[in-house]
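So you can see what is in the structure, the chains are spelled out below.
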Amino acid sequence: MNSYLKNVIRIFFFILPVIIIFLQILKKDHHFTYTLDDPYIHIELAKNIYYGTYGINLSEMSAPSSSILWPFLLVPFGGTDFIQYIPLILNSIFLVISGFLLLKIFKFNNLAKDLFFSMLFLYAFNIYGLVFNGLEHSLQILLVILICYYLLNIQLITAYKKSLIIFFTALVLLPLVRYEGLAISIPVLVYLYFNHFKKPALISVTFLFLIIFIFSLFLYLNNLGYLPSSIIAKTINTNESIIDNFKNNMKVYGWFFSLVFIVAMATWKNNKAIVLVLISTTLLHFLLGKYGWFSRYEIYYLVFASILMIYQLYQRCPNIWYLPIFLITAFPSLSSSTNQTAKASSNIYNQQFRMSEIAKTLNAPIAVNDLGLVALRSDQYILDLWGLGSIEALHYRKDPNDVTWIKKLMQKNNVHYVAVYDDWFPTRPDNWLKAGELKLKQRKITPAYDTVTFYATDKAHLSKLKQTLQLYQAQNPSNNYEIIMK
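Residues numbered from 1 in each chain as written. Predicted model: local features only at pLDDT ≥ 70, side-chain atom pairs only at ≥ 80, totals over all residues. Heavy atoms only, no water.

### Describing helix H14 (residues 272-288)
Right, on to step 1. With 17 residues, H14 extends 24 Å from end C-alpha to end C-alpha; this agrees with the ideal 24 Å at 1.5 Å per step.
Right, on to step 2. Those residues of H14 that are buried lie in contact with helix H7 (137-152), helix H10 (182-193), helix H13 (242-267) and helix H15 (299-316). (Helix = DSSP H or I, 4+ residues; strand = E, 2+ residues; numbered from the N terminus. Expected span 1.5 Å × (residues − 1). Contact = heavy atoms within 4.5 Å.)

This is the structure we're talking about:
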């Protein structure tokens, strides 16, 4: 069998699980929806960048995206509704390239073993599931695997200028895709600086921090702080220290932390530099990184560390094509997320999508705490009470006992409708009048809560809201959700 045919077969099998999951999603609701509401924030942001504003609303600036680069990749499609499918297409491409890179690192010279290893590796780390969250994580994983490939084949960047450019470009891009990529890029660049690559390492570090500085300056000059609101929002009203964060990570991945150090000690004599990179990245992630939120925050690190450790075993035993079976056992929550992708998508469709249709029918500004699909489809001003799309709300929310700001911001922006999780706002403005609830009737996977409550600010708007809710349920019956009127 020639190499061209082998590659065609590999592409087919890499993309096959994506097709199967996609069909499962369509089967549930006859509609494609991502597994999280977050990608729709990036899509709306990209559309507004296309039209000249960095923010969720065309009328004001905001920084709702935790990725510097990702929204700009979507901008060329900002003038068309097809932009909603671009993350799925891009992530599918990134997945296939990631599969091929794995086979360049671990070569079994057997088509069946190649496919078995790579496909189970992608499954074990929820990399198939990441395709459907519609966010930047698939690109993040691709860059991580690419960095591993060149790190483990350092002679390539010595021999080929093209490889050197690709390697250092990946190291610069990784933190621009997601900030936590610094936990990998900085240790690797330090390693390269002390291993005969001083000039490209210095240029890369300078270029990387220059871009981050320019982006932070852009935010600051627009009164948005120094970091995206999505990052700041995670630290508001928490007193968690770095040590507390380390302890939380250890509760879930303490066994992996121990394994890294055992492998590090066992392989120290073979390659001290790579071991130091592994240890540095591990410490940075456990001190500053997060885990969870449908198995996506920690995957960049787990993939990086696992490849470096598996490679040590691969050098001693080149026929370990069956190893991903143990990875699935080691990380059951990750593969479980892939298994639940279709259900998670259905959750978002039956909560956030239906919220967006109700908001669109109201055809008026609305306040929310999850703004993705509602912002994308309502074509109205969205007041984000959680703060990702409103820097004012983000600052006010620092005092959890004060809700007077909510009333003021709603009056300021002529907002008379609200759709929020009650648990996020246990104290609510006195002029909020409850109209009803939209409740999931399926097991909750990715939404924060299974019930969204609708409010209006006066009797006239309450009457319209109740009519809209009743009419929507009558016209869109389903066993997957229900609207409970007050």
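Let's pick the thread back up.
### Overview of a positive patch on the surface
Right, on to step 1. On the surface, a cluster of positive charge is made up of Lys27, Lys28, Lys343 and Arg443.
Right, on to step 2. Among the structural elements, arginine 443 can be located in the loop between strand E4 (433-440) and strand E5 (451-456). (Patch = residues over 30% accessible without salt bridge, like charges linked within 9 Å, V, L, I, M, F, W, Y side chains within 5 Å. Areas by Shrake-Rupley, 256 points an atom, 1.4 Å probe, with all protein chains shown as cover. Salt bridge = Lys/Arg side-chain N within 4 Å of Asp/Glu carboxyl O. Lys, Arg positive; Asp, Glu negative; His and termini not counted. Charge placed at Lys NZ, Arg CZ, Asp CG, Glu CD.)

### Here we look at the sheet that holds E5
Right, on to step 1. With mixed pairing, the six strands of this open sheet are ordered in space as E2-E1-E3-E5-E4-E6. Looking at the sheet topology across the chains shown, the edges are occupied by strand E2 (382-384) and strand E6 (481-485). The sheet shows a mean angle of 20° between the axes of neighbouring strands, taken without regard to direction.
Right, on to step 2. Relative to E2, strand E1 (residues 366-368) runs parallel, the two sharing three bridges. Paired with alanine 367 across the strands is leucine 383, a residue of E2. (Pairing = 2+ DSSP bridges. Axes fitted to C-alpha atoms, helices over the stretch in contact; angles between N-to-C directions.)

### Quick notes on the environment of asparagine 271
Right, on to step 1. Relative to the elements of secondary structure, asparagine 271 occurs in the loop between H13 and H14.
Right, on to step 2. In this structure, the C-alpha to C-alpha distance between asparagine 271 and glutamine 312, residues 41 residues apart in sequence, is 10.0 Å.

### So, the packing of helix H9 (residues 161-177) against H10
Right, on to step 1. Running from N to C, H9 and H10 point in directions that differ by 145°, and their axes come no closer than 8 Å. For the pair H9 and H10, the crossing hand works out as left-handed. Contacts between H9 and H10 involve Phe167, Phe168, Leu171, Leu174 and Pro175 from the former and Leu182, Ile184, Ser185, Val188, Leu189 and Leu192 from the latter.
Right, on to step 2. Here the contact of H9 with H10 is built from residues that sort into 10 nonpolar, one polar and no charged. (Left-handed = near helix turned anticlockwise from the far one by under 90°. Nonpolar A, V, L, I, M, F, W, Y, C, P; charged D, E, K, R; others polar.)

### Thoughts on the nonpolar core
Right, on to step 1. Counting 144 residues, the largest nonpolar core has Phe121, Phe125, Val188, Leu192, Val303, Phe304 and Ile307 as its most contacted members.
Right, on to step 2. With near-sequence residues (within four places) excluded, leucine 192 lies in contact with Ile154, Ile157, Phe167, Phe168, Leu171, Phe197, Lys198 and Ala201.
Right, on to step 3. One finds Leu409, Val415, Trp432 and Tyr455 within the second-largest nonpolar core, a separate group that totals 16 residues. (Core = buried A, V, L, I, M, F, W, Y, C linked by side-chain atoms within 4.5 Å. Buried < 20%, exposed > 50% of the residue type's maximum accessible area, 1.4 Å probe, protein only.)

### Observations concerning the packing of aromatic side chains
Right, on to step 1. As enumerated under the stated definition, the model contains 50 aromatic pairs in all.
Right, on to step 2. On the numbers, 4.9 Å between centres and 40° between planes, the contact of phenylalanine 257 with phenylalanine 261 is tilted. In this pair, phenylalanine 257 and phenylalanine 261 both sit in helix H13, four residues apart, roughly one turn of the helix.
Right, on to step 3. The exposure class of phenylalanine 261 is partly exposed, given its relative accessible area of 27%.
Right, on to step 4. Summarising the aromatic geometry, the rings of tyrosine 349 and phenylalanine 353 are spaced 4.8 Å apart at their centres and angled 20° between planes, so their arrangement reads as stacked. With tyrosine 349 and phenylalanine 353 both in helix H18 (residues 341-362) and four residues apart, this pair spans about one turn of that helix. Both residues of the pair, tyrosine 349 and phenylalanine 353, belong to the buried class.
Right, on to step 5. In this structure, arginine 397 packs its charged tip against the face of tryptophan 386, placed 3.7 Å from the ring centre. (Phe/Tyr/Trp six-rings, centres within 6.5 Å; stacked < 30°, edge-to-face > 60°. Lys NZ or Arg CZ within 6 Å of the ring centre and 35° of its normal.)

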